[in-house]
Amino acid sequence: TGDRLVFDNVRLVGDQDTLYADSPAAGRLARSYYTNSYIEGDVDFVFGRGTAVFDHSTLKAATRGSTSNNGYVTAASTDKSLTYGFLITDSSIVSDAPSGTFSLGRPWQPSNDANAVAQEVVRNTDLPAAIKSSPWSDMTTTFSWRNARFFEYQNTGAGAAVNADRPQLSDVQA
């Protein structure tokens, strides 16, 4: 829950909820920076309401053995009063899950907090075939991922695509 934290060359391995990027209170800024690091998990393995940058890092989306849904890389719960949530940039997401069975993320509204609308950008990142063609998912039936602030920009790899279910930043926005 601290602010201006730096994690360089760390290795975090778990399953569900591997890394909780949190803040001391809703709407309160808590920034963390992960560089040259490795983070592994399956369900919402990077989650929380903090502002976090993952730069030149590897995130491993580990299989749970499913042929349809192996998990979600992120579950951001960014307060709508904050401009930024999660940024994955100049990184690689790798996976041992079958093609089209992993989501990039879903919006988490802890305790049904209507102000937790989630914000995430995945940019200039290599995506594996495991990423679904519609990579953003709903967490509940009452809050659609389309109401969150999810974007991509110039991703590469077998799991990268541009379509109606993959909002893209413009060059100016990026």
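In what follows, the structure referred to is the one given above.
A brief structural summary. Bear in mind the structure is a predicted one, so any value in this text is a computation, not a measurement.

**So, the pattern of salt bridges**
Next, step 1: Applying the stated rule across the entire model yields six salt bridges.
Next, step 2: Salt-bridge contacts for Arg 146 lead to Asp 165; the nearest nitrogen and oxygen are separated by 2.3 Å. Here the residue Arg 146 occupies a position in the loop between β13 (119–123) and β14 (149–153), and Asp 165 occupies one in the segment after β14, the gap between them amounting to 19 residues.
Next, step 3: Residue Glu 152 is joined to Arg 166 by a salt bridge in which the shortest nitrogen-to-oxygen separation is 2.8 Å. Residue Glu 152 is found in strand β14, and its partner Arg 166 is found in the segment after β14; the two are separated by 14 residues along the sequence. Note on accessibility: Glu 152 and Arg 166 belong to one class, buried.

**A few points about unusual backbone geometry**
Next, step 1: In this structure, Asp 17 is a non-glycine residue whose phi angle is positive, near 55°.
Next, step 2: The residue Asp 17 is located in the loop between β2 (11–13) and β3 (19–20) in this model.
Next, step 3: Even without glycine at this site, Asp 90 takes up a positive phi of about 50°.
Next, step 4: Summarising the element assignment, Asp 90 is placed in the loop between β10 (86–89) and β11 (92–95).
Next, step 5: Of the residues examined, Asp 90 reaches a relative accessible area of 35% and is grouped as partly exposed.

**Concerning the sheet that holds strand β6 (residues 43–48)**
Next, step 1: What the four strands build is an open sheet, ordered β3-β6-β9-β12; its pairing is parallel. Edge positions in the sheet fall to β3 and β12 (102–105), since each has one partner strand and no second.
Next, step 2: In this sheet, β6 lies alongside β3 in parallel orientation, the contact comprising two bridges. In the sheet register, Leu 19 faces β6, and the bridge partner there is Val 46.

**Overview of the packing of aromatic side chains**
Next, step 1: Considering all chains together, one arrives at seven aromatic pairs under this definition.
Next, step 2: Aromatic side chains Phe 7 and Tyr 34 sit 4.7 Å apart centroid to centroid with 5° between the ring planes, which places their arrangement in the stacked category. In this pair, Phe 7 is assigned in strand β1 (residues 5–8) and Tyr 34 in strand β4 (residues 31–35), connecting sequence segments 27 residues apart.
Next, step 3: For Tyr 34, a relative accessible area of 3% translates into the label buried.
Next, step 4: Grouped by ring-pair contacts, the aromatic residues Phe 7, Tyr 34, Phe 54 and Phe 86 constitute a single cluster.
Next, step 5: For Arg 106, the ring lying beneath its charged end belongs to Tyr 72, and the centroid distance is 3.8 Å.

What counts and how
Residues numbered from 1 in each chain as written. Predicted model: local features only at pLDDT ≥ 70, side-chain atom pairs only at ≥ 80, totals over all residues. Heavy atoms only, no water. Salt bridge = Lys/Arg side-chain N within 4 Å of Asp/Glu carboxyl O. Helix = DSSP H or I, 4+ residues; strand = E, 2+ residues; numbered from the N terminus. Buried < 20%, exposed > 50% of the residue type's maximum accessible area, 1.4 Å probe, protein only. Pairing = 2+ DSSP bridges. Phe/Tyr/Trp six-rings, centres within 6.5 Å; stacked < 30°, edge-to-face > 60°. Lys NZ or Arg CZ within 6 Å of the ring centre and 35° of its normal.

So yeah, pure geometry; function would need other evidence.
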